[in-house]
Amino acid sequence: MTRLTLRATLLACALGALPGPLLAQTLTVGVRAGPLSIDPHFTASAVSAEALKHVFDTLVVSGNNLELLPGLAESWSAIDSTTWEFRLRRGVKFHDGSDFTAEDVKFSIERIPNVTGPNPATIYVRRVKEVQIIDPHTIRIVTNGPAPTLPNDFVRLFVVSHVAARDFSTRETANEGFNSGKAAVGTGPYRFISWTPKEQMVVERNDGYWGGAEPWERVIRKELPNDTTRVAQLKAGQVDIIARAPAADVPTLERDPKIQVVRTDSAYMFYLELDFREQTPRITARNGAPLAANPLRDPRVREAIDIAIDREALAEVAMEGMGKPATQLVTPNIFGYNTRLPVTKPDLPRARALLAEAGYASGFRVPFNFTNDGLPGDRAIGTSISQMLSAIGIDAQANAQPGAVWAPARTRGEFNFAMGGWGTLTGEANYTLSSLVHTNDPASRLGAFNFRGYSNPELDRLIEAAGVEMDETKRRSLLEEAAAVVAKDRPSLPVTGIVTAWAMQKGRVIITPRADEDTLAMNIRRPAR
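None of the values given here were measured: they were computed from a predicted structure.

Procedures and definitions
Per chain, residue numbering runs from 1 following the sequence as it is written. Residues qualify for local features only when their pLDDT is at least 70, as the model is predicted, and side-chain atom pairs are given and counted only at 80 or more; totals for whole chains, interfaces and linings, by contrast, use all residues. Hydrogens are left out, water is left out, and the side-chain values use all remaining heavy atoms of the structure. Secondary structure elements follow DSSP: runs of H or I no shorter than four residues count as helices, runs of E no shorter than two count as strands, and numbering proceeds from the N terminus. Note on method: radius of gyration uses C-alpha positions; expected globular size equals 2.2 Å times residues raised to 0.38. Relative accessibility decides the category of a residue: with a 1.4 Å probe and only protein chains considered, values under 20% of the type maximum give buried, values over 50% give exposed, and everything between is partly exposed. Note that accessible areas follow from Shrake-Rupley with a 1.4 Å probe, and for residues the cover is restricted to the protein chains shown. We call two residues in contact when some of their heavy atoms are within 4.5 Å. Each nonpolar core is a collection of buried residues, namely Ala, Val, Leu, Ile, Met, Phe, Trp, Tyr and Cys, held together in the definition by side-chain atoms within 4.5 Å. The length a helix should cover is 1.5 Å for every residue beyond the first. For helices, the fitted line uses only the C-alpha atoms of the stretch in contact; every axis is such a line through C-alpha atoms, and the angle between N-to-C directions lies from 0 to 180 degrees. Throughout this description, any angle smaller than 35 degrees is read as roughly parallel, any larger than 145 degrees as roughly antiparallel, any in the 65 to 115 degree range as roughly perpendicular, and the remainder as oblique. Whether a crossing is left-handed or right-handed is set by the direction in which the near helix is turned from the far one by less than a right angle, anticlockwise for left-handed and clockwise for right-handed. Throughout this entry, Asp, Glu, Lys and Arg are counted as charged residues, while Ala, Val, Leu, Ile, Met, Phe, Trp, Tyr, Cys and Pro are counted as nonpolar. The remaining residues, Gly among them, count as polar. We define a salt bridge as a side-chain nitrogen of Lys or Arg found within 4 Å of a carboxyl oxygen belonging to Asp or Glu. Strand pairing requires that DSSP identify at least two bridges connecting the strands. Read the arc as the range of directions from the helix axis to the C-beta atoms. The definition of a polar contact used here is a pair of N or O atoms within 3.5 Å, where within protein one atom must be able to donate a hydrogen and the other to accept one, and adjacent residues in sequence count solely through side-chain atom pairs. A score between 0 and 100, pLDDT records how confident the predictor is in each residue.

1. With respect to the overall build of the chain
Turning to step 1, where the next piece is worked out: Scanning the chain from N- to C-terminus turns up 15 helices and 19 strands.
Turning to step 2, where the next piece is worked out: Relative to a compact globule of 529 residues, whose C-alpha radius of gyration would be 24 Å, the chain shows 24 Å and is just as compact.
Turning to step 3, where the next piece is worked out: For the chain, the spread of C-alpha atoms along the principal axes amounts to about 90 × 55 × 45 Å.
Turning to step 4, where the next piece is worked out: Looking at the 529 residues of the chain, the share that counts as buried comes to 56%.
Turning to step 5, where the next piece is worked out: If you sum the accessible surface of the chain, you get close to 21300 Å²; carbon and sulfur atoms cover 51% of it.

Here it is in structure tokens:
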């Protein structure tokens, strides 16, 4: 062995002994679904936001337990009841080397309504009336009334470069500009490299990141919607970690000495949406004959559906122990959760009696739409609910479909009866209530996801009052009262909460779990040795 060869060998050995973060590293993550676009303003879809948090920063950051933390804004305060001031972080650079300023924040806020698509991102800026630039690092937001939860909404306000995105600010140009990479210029910990829809997204470390450089030099997010494939690639060492480890595989993975599993309670849940429109030709008698009225508008029918569902069985059997019975549209860790609401218990004899009392002793037929590639267990839960309803005479025709098909159809109002997955990602119940069960009102931008004609003036009043109440105690009380109204009126039926799990190569990586289930490279590290 020559001296030069020996020297190279010793150097290689020395480098091998160094801690992982000091070496150039590639992290490969297996996820169930990827972004719908690289434009962070295109959709409020959680899978899109999760991926794009690597490239784009937000003014306010949602912590691992949904707590509010400084992001591109170092601090914020209410100047008066309708004005918030945000002090912006100095010295932040975009990936192209340009300075981040208040102009970029203003541009991003005003851009969203022009480019948003399915699952509109306008819910995050619906309270904004005017954006005022005070100086390059100070911005004031004038709201359309008191807006106590504006900082919560801004955890999803992704900031783009007003220079790079300037020419891509219409629905026709936005996706083209961002998906090609031309406009995908953020301030985040990673730079955008490439995206192949339904396959993978690749990002590389931003060494100039204001929060400090990440240990991973390159991150590959592989889309593996098939649970079996995701687990197989983990076991074969083709990915370092997988998100949403399937419930059926969790016990086996936990016994594998080469695999480590981390679990946490999620902010996501499953719930049912019922149609309140008078004209519902898709709902028929069981023999296909038309009905004189929409049965779902009858509170007795809604109660019958509610008490036909065995939530304990769904959580333990359909979700294989990876679920929890839900009492309302938000999970217990959310501000405004009503602790006094009990889990609905199944009562099939009473459910049948209620249907008969409402004039549907023979039941009826209704298409039942839900995703098969969204939240863990969606297909199994949807199928199980369909079977449970058949026991009281309701033929809920199960139609499991990809989220990319389900979401636009829901937005078009094509569903009469559907199961959705929802996460209160701002940590505040008003976000969910104002989006799902407030009357759809484009003028106020409330009820943005209420596509089924539901309207309850009493509930609207509570939601609107909570939305402008600056006193935290009073706001909590209003939200809890609103949750009680939803439980009584049953426009939506909460089904189960979710326990989510990550599985990873033991000794290679470890993740700090998040309540919103985001699988972020920023939360994945080499284990301490």
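Further notes follow.
2. Regarding the environment of L341
Turning to step 1, where the next piece is worked out: Mapping L341 onto the fold places it in the loop between β13 (323-325) and α10 (348-357).
Turning to step 2, where the next piece is worked out: Judged by relative accessible area, which is 15%, L341 ranks as buried.
Turning to step 3, where the next piece is worked out: Sequence spacing of L341 and A487 is 146 residues, and the spatial spacing of their C-alpha atoms is 7.9 Å.
Turning to step 4, where the next piece is worked out: Ignoring anything within four residues of it in the chain, the contact list for L341 reads T327, Q328, A483, A484 and A487.

3. Topic: the nonpolar core
Note that soluble globular proteins tend to have their nonpolar side chains buried in a common cluster.
Turning to step 1, where the next piece is worked out: Ranked by size, the top nonpolar core spans 98 residues in total, and within it L59, F86, F154, L272, I305 and I385 carry the most contacts.
Turning to step 2, where the next piece is worked out: At 6 residues, the largest contribution of residues to this core is made by strand β12 (residues 259-274).
Turning to step 3, where the next piece is worked out: Setting aside anything within four residues of it in sequence, one finds L272 in contact with I309, F368, I385, F417, A418, M419, P491, S492, L493 and V495.
Turning to step 4, where the next piece is worked out: With 33 residues, the next largest nonpolar core counts A183, A184, V219 and M504 among its residues.

4. A short note on helix α3 (residues 102-115)
Turning to step 1, where the next piece is worked out: Here α3 is 14 residues long and its end C-alpha atoms lie 20 Å apart, about the 20 Å a rise of 1.5 Å per residue gives.
Turning to step 2, where the next piece is worked out: Of the surrounding elements, those touching the buried residues of α3 are β5 (83-88), β6 (128-135), β7 (138-143) and α5 (174-179).

5. A short note on the packing of helix α13 (residues 429-436) against helix α14 (residues 457-468)
Turning to step 1, where the next piece is worked out: Contact geometry for α13 and α14: axes closest at 10 Å, N-to-C directions at 140 degrees. As summarised for this structure, α13 and α14 are arranged oblique, according to the angle between their axes. The interaxial crossing formed by α13 with α14 has left-handed handedness. Of the residues in α14, those touching α13 at N430, L433 and S434 are I463, A466 and G467.
Turning to step 2, where the next piece is worked out: Partitioning the contact of α13 with α14 into residue classes produces 3 nonpolar, 3 polar and no charged.

6. Considerations on the pattern of salt bridges
Turning to step 1, where the next piece is worked out: Inspection of every chain in the model, using the stated rule, returns 34 salt bridges.
Turning to step 2, where the next piece is worked out: Here R205 ties to D207 by a salt bridge, and the two come within 2.9 Å at their closest N and O atoms.
Turning to step 3, where the next piece is worked out: Taking the shortest distance from any N to any O, the salt bridge between K324 and D265 comes out at 2.8 Å. With K324 in strand β13 and D265 in strand β12, this residue pair connects regions lying 59 residues apart in the sequence.
Turning to step 4, where the next piece is worked out: With relative accessibility at 41%, the residue K324 sits in the partly exposed group.

7. Some words on the pairing of strand β9 (residues 200-205)
Looking down a regular strand, the side chains alternate between one sheet face and the other.
Turning to step 1, where the next piece is worked out: Of the pairings in the sheet, the one linking strand β8 (residues 190-196) to β9 comprises 6 bridges and is antiparallel in character. Considered in β9, the bridge of Y190 is made with R205.
Turning to step 2, where the next piece is worked out: Taking the residues that link successive antiparallel strands as the turn, the β8-β9 hairpin has 3 residues, and the phi of K198 there is positive, at about 70 degrees.
Turning to step 3, where the next piece is worked out: In this sheet, strand β10 (residues 218-223) lies alongside β9 in antiparallel orientation, the contact comprising 5 bridges. Paired with V202 across the bridge in β10 is I220.

8. What to know about helix α6 (residues 227-235)
Turning to step 1, where the next piece is worked out: Listed as buried for α6 are R230, V231, Q233 and L234. In an axial view of α6, the angular spread of the buried residues amounts to 160 degrees, which keeps them on one side of the axis.
Turning to step 2, where the next piece is worked out: On its buried face, α6 is in contact with β1 (26-31), β10, β11 (241-242), α7 (250-255), β12 and β17 (492-505).
Turning to step 3, where the next piece is worked out: Here α6 starts with a cap whose side-chain oxygen sits 3.0 Å from the backbone nitrogen of T228, and that cap is N226.
Turning to step 4, where the next piece is worked out: Of the residues one or two after α6, G237 is the one with positive phi, at around 80 degrees.

9. Looking at the environment of R475
Turning to step 1, where the next piece is worked out: With respect to the helices and strands, the residue R475 is situated in helix α15 (residues 472-489).
Turning to step 2, where the next piece is worked out: For the pair R475 and K506, spaced 31 residues apart in sequence, the C-alpha to C-alpha distance is 45 Å.
Turning to step 3, where the next piece is worked out: Among residues more than four places away in sequence, those in contact with R475 are P148, T149, F335, E428, A466, E469 and M470.

10. Quick word on the confidence of the model for the chain
Turning to step 1, where the next piece is worked out: Per-chain confidence: the chain averages 93 in pLDDT, with 95% of residues scoring 70 or above.
Turning to step 2, where the next piece is worked out: Residue range residues 1-24 is modelled with pLDDT below 50. Its contacts to residues more than four positions away, or to other chains, number 10 contacts.

11. Notes on the side chain of R32
Turning to step 1, where the next piece is worked out: Turning to its location among the elements, R32 is positioned in the loop between β1 and α2 (46-52).
Turning to step 2, where the next piece is worked out: From its side chain, R32 meets the backbone oxygen of G374 in a polar contact 2.6 Å long.
Turning to step 3, where the next piece is worked out: A polar contact of 2.8 Å, which involves the side chain of R32, links it to the backbone oxygen of L375.
Turning to step 4, where the next piece is worked out: Residues contacting R32, with those up to four places away along its chain left out, are L224, P225, D227, R230, N372, D373, G374, L375, P376, G377 and D378.

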